[in-house]
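Structure assessment
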Amino acid sequence: MKVLVIGGGAREHALCRSLSLDPDVSALYCAPGNAGIAEVAELRPVDALDGAAVAALATELGADLVVVGPEAPLVAGVGDAVRAAGIPVFGPSAQAAQLEGSKAFAKDVMAAAGVPTARSYVCTTAEEVDEALDAFGAPYVVKDDGLAAGKGVVVTEDRAAARAHALACDRVVIEEYLDGPEVSLFAITDGVTVLPLQPAQDFKRALDGDEGPNTGGMGAYSPLPWADPKLVDEVMALVLQPTVDELRRRGTPFSGLLYAGLAITSRGTRVIEFNARFGDPETQVVLARLRTPLASVLLNAARGTLDAEPPLSWRDDAAVTVVIASHNYPETPRTGDPIEGLAEVAAQDAPDAYVLHAGTRREGDAVVSAGGRVLSVTATGSDLAQAREKAYKAVSRIRLDGSQHRTDIAAKAAEGR
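Residues numbered from 1 in each chain as written. Predicted model: local features only at pLDDT ≥ 70, side-chain atom pairs only at ≥ 80, totals over all residues. Heavy atoms only, no water.

1. Thoughts on the overall build of the protein
The number of helices and strands found in the protein is 14 helices and 24 strands. The C-alpha radius of gyration computed for the protein amounts to 20 Å, which stays within 12% of the reference 22 Å derived for 417 residues, consistent with globular compactness. The C-alpha extent of the protein, read off along each of the three principal axes, is 55 × 45 × 40 Å. Put simply, the protein has 417 residues, and 57% of those count as buried. Pairs at least 24 residues apart make up 69% of the contacts formed inside the protein by residues separated by at least 6 positions. (Helix = DSSP H or I, 4+ residues; strand = E, 2+ residues; numbered from the N terminus. Rg over C-alpha atoms; globule rule 2.2 N^0.38 Å. Buried < 20%, exposed > 50% of the residue type's maximum accessible area, 1.4 Å probe, protein only. Contact = heavy atoms within 4.5 Å.)

2. Some details on the sheet that holds strand β6 (residues 120-123)
With respect to topology, 4 strands assemble into an open sheet ordered β6-β9-β7-β8, the strand pairing being antiparallel. Of all the strands in the sheet, just β6 and β8 (153-156) have a single pairing partner and so form its edges. In this sheet, adjacent strand axes meet at a mean angle of 20° when their direction is disregarded. Taken together, the 4 bridges between β6 and strand β9 (residues 172-175) define a ladder with antiparallel strand orientation. (Pairing = 2+ DSSP bridges. Axes fitted to C-alpha atoms, helices over the stretch in contact; angles between N-to-C directions.)

3. Description of helix α10 (residues 282-289)
Most of α10 sits out of view: 8 of its 8 residues are buried. Within the sequence span of α10, burial applies to Glu282, Thr283, Gln284, Val285, Val286, Leu287, Ala288 and Arg289.

4. Some words on the pairing of strand β21 (residues 360-363)
With 4 bridges joining them, β21 and strand β22 (residues 366-369) adopt antiparallel strand pairing. Counterpart to Arg361 in the pairing with β22 is Val368. If you look at the hairpin formed by β21 and β22, you'll find 2 residues sitting between the two strands, and Gly364 has a positive phi there, around 65°.

5. Focus on the packing of helix α6 (residues 103-113) against helix α9 (residues 231-249)
In contact at an axis separation of 9 Å, α6 and α9 are set at 100° when each is read in the N-to-C sense. On the basis of the axis angle, α6 is roughly perpendicular to α9. Note on element contacts: α9 touches α6 through Pro242, Thr243, Glu246 and Leu247, opposite Phe105, Val109, Ala112 and Ala113. Classifying every residue of the contact of α6 with α9 gives 6 nonpolar, 1 polar and 1 charged. (Parallel < 35°, antiparallel > 145°, perpendicular 65-115°, else oblique. Nonpolar A, V, L, I, M, F, W, Y, C, P; charged D, E, K, R; others polar.)

6. A few points about the sheet that holds strand β23 (residues 373-381)
With antiparallel pairing, the 5 strands of this open sheet are ordered in space as β12-β15-β18-β23-β20. Strands at the two margins of the open sheet, each flanked by one partner only, are β12 (201-202) and β20 (353-357). Alignment of β20 against β23, held across 5 bridges, turns out to be antiparallel. Counterpart to Tyr354 in the pairing with β23 is Thr378. Relative to β20, helix α1 (residues 10-20) is tilted by about 125°, and along the sheet it contacts β20 and β23. In the packing of α10 onto the sheet, contacts are made with β12, β15 (219-222), β18 (318-325), β20 and β23, and the angle to β18 comes to roughly 150°.

7. Digging into the environment of Ala414
With respect to the secondary-structure elements, Ala414 resides in helix α14 (residues 411-414). Taking C-alpha positions, Ala414 is 20 Å from Glu211, a pair spaced 203 residues apart along the chain. Here Ala414 is in contact with Leu384, Ala385 and Arg388, once residues within four sequence places are set aside.

8. Some points on the packing of α1 against α10
For any two helices packed against each other, the geometry is given by the interaxial angle and the distance between the axes. At a closest axis distance of 8 Å, the pairing of α1 and α10 adopts a crossing angle of 15°. Our classification of the angle between α1 and α10 gives roughly parallel. Judged by the twist between their axes, the crossing of α1 over α10 is left-handed. Judged by residue contacts, Ala10, Arg11, Ala14, Leu15 and Ser18 of α1 engage Thr283, Gln284 and Leu287 from α10. Its residues assigned to classes, the contact of α1 with α10 shows 4 nonpolar, 3 polar and 1 charged. (Left-handed = near helix turned anticlockwise from the far one by under 90°.)

9. Points about the pattern of salt bridges
Throughout the structure, instances matching the rule amount to 29 salt bridges. Measuring nitrogen to oxygen at the nearest pair gives 2.9 Å for the salt bridge that ties Asp401 to Arg334. Taken together, the residues span a long stretch of sequence, with Asp401 in the loop between β24 (399-400) and α14 and Arg334 in the loop between β18 and β19 (339-340) at a distance of 67 residues. Judged by its relative accessible area of 53%, Asp401 falls in the exposed class. Look at the salt bridges and you will find they share partners, linking Asp108, Glu246, Arg249 and Arg250 into a network. (Salt bridge = Lys/Arg side-chain N within 4 Å of Asp/Glu carboxyl O.)

10. Some points on the nonpolar core
Among the nonpolar cores identified, the biggest contains 76 residues, and Leu4, Val66, Leu240, Phe274 and Val320 are the most heavily contacted of them. Per element, the largest residue contribution to this core is 8 residues, and it comes from α9. (Core = buried A, V, L, I, M, F, W, Y, C linked by side-chain atoms within 4.5 Å.)

11. So, the packing of aromatic side chains
Counting across every chain of the model gives 5 aromatic pairs. Each ring, one from Phe90 and one from Phe278, has its centre 6.1 Å from the other, and the planes form 35°; the classification is tilted. Here Phe90, found in strand β5 (residues 89-90), pairs with Phe278, found in the loop between β17 (268-275) and α10; they are 188 residues apart in sequence, far enough to count as distant. We note that Phe90, like Phe278, is buried. Centroid distance Phe186 to Tyr259: 5.1 Å. Interplanar angle 35°. Geometry classified as tilted. Separated by 73 residues along the polypeptide, Phe186 in strand β10 (residues 182-189) and Tyr259 in strand β16 (residues 256-265) bring together distant segments of the chain. Both residues of the pair, Phe186 and Tyr259, count as buried. An aromatic cluster is built from Phe90, Phe186, Tyr259 and Phe278, whose rings are joined through pairwise contacts. (Phe/Tyr/Trp six-rings, centres within 6.5 Å; stacked < 30°, edge-to-face > 60°.)

Rendered as structure tokens:
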């Protein structure tokens, strides 16, 4: 089949890498892509938010499947435009994508479906904000109701900072703080059948020890040796299937990738948030462990025939990804710096370690930084300790002026803590 992937980050590079290894994929395109994706897929220019342009490109290429990577095009209805052109799409409709596009909508769905989540208030005025902050107390959790590229959430002990973030948003969700470790669990669904992937954990804070500002994610690992073996089954029963069933009941079936961000609290598992697409950087480690060829799974989800798909097959290996970010990320990241060492990783660390590009572009013979998160260095090993060692060895070969990365990704889990 011919596959077109929409997007240009490390998540899309991970998807393209897996699709390029699938014998069923005869042609692979990515729009707009990046310097790394160009090595495994043919790049095409497109405005990823323009549904008509994406549909026209897919038609021109004779695509059998379009995979929409980022959340903004999904919320903008790009999937609807491509489906209207008669091409199967992996990704929800604009209405169903409101599960990520609006925190308030997600809370309403969870309430109707009986999905366990934090108590919350939706606020649009300063008075409502003050009442909600007082009701829950510290630590304060304030979420922009709309899309914020993974950086719209503030968790702080500082009431003034929480209030300032809330007042800077048109509408916010203020909720109780959930204690305990966080887990990301993806599921592929066609709106009826739900196929869970393996859980992962990501690291949102910019600095070691979970210090510093919130980011789009600085690294991830899978599997989770500390998690209850029944976690996936529990989340399927309590969260994923009820949410998919409720959206179908509302007449807005969700087809694509349903991402549950979970807190394993002292009172049980609670949903922190839903996303309507593969997460970044968790996709990098989850797909590194998936043995089942990816294309047919995504196509069956897009066609509504996921019940024909056999259970997914997984490698026993562990996977770790470490994000290399540009100078001063996430505030005002610097771009245009040359990246060196990519060929060294390919020559000396492959196939166990490899580099997935996020914010990069090619300038002549050079690859330069073009975003806040620049690279996701991903490695597999027999366990987390070995995967970590391989990932950080590859990271050490990369040279990018002023870059930053965390040194503690998966450290506690690898040590059994």
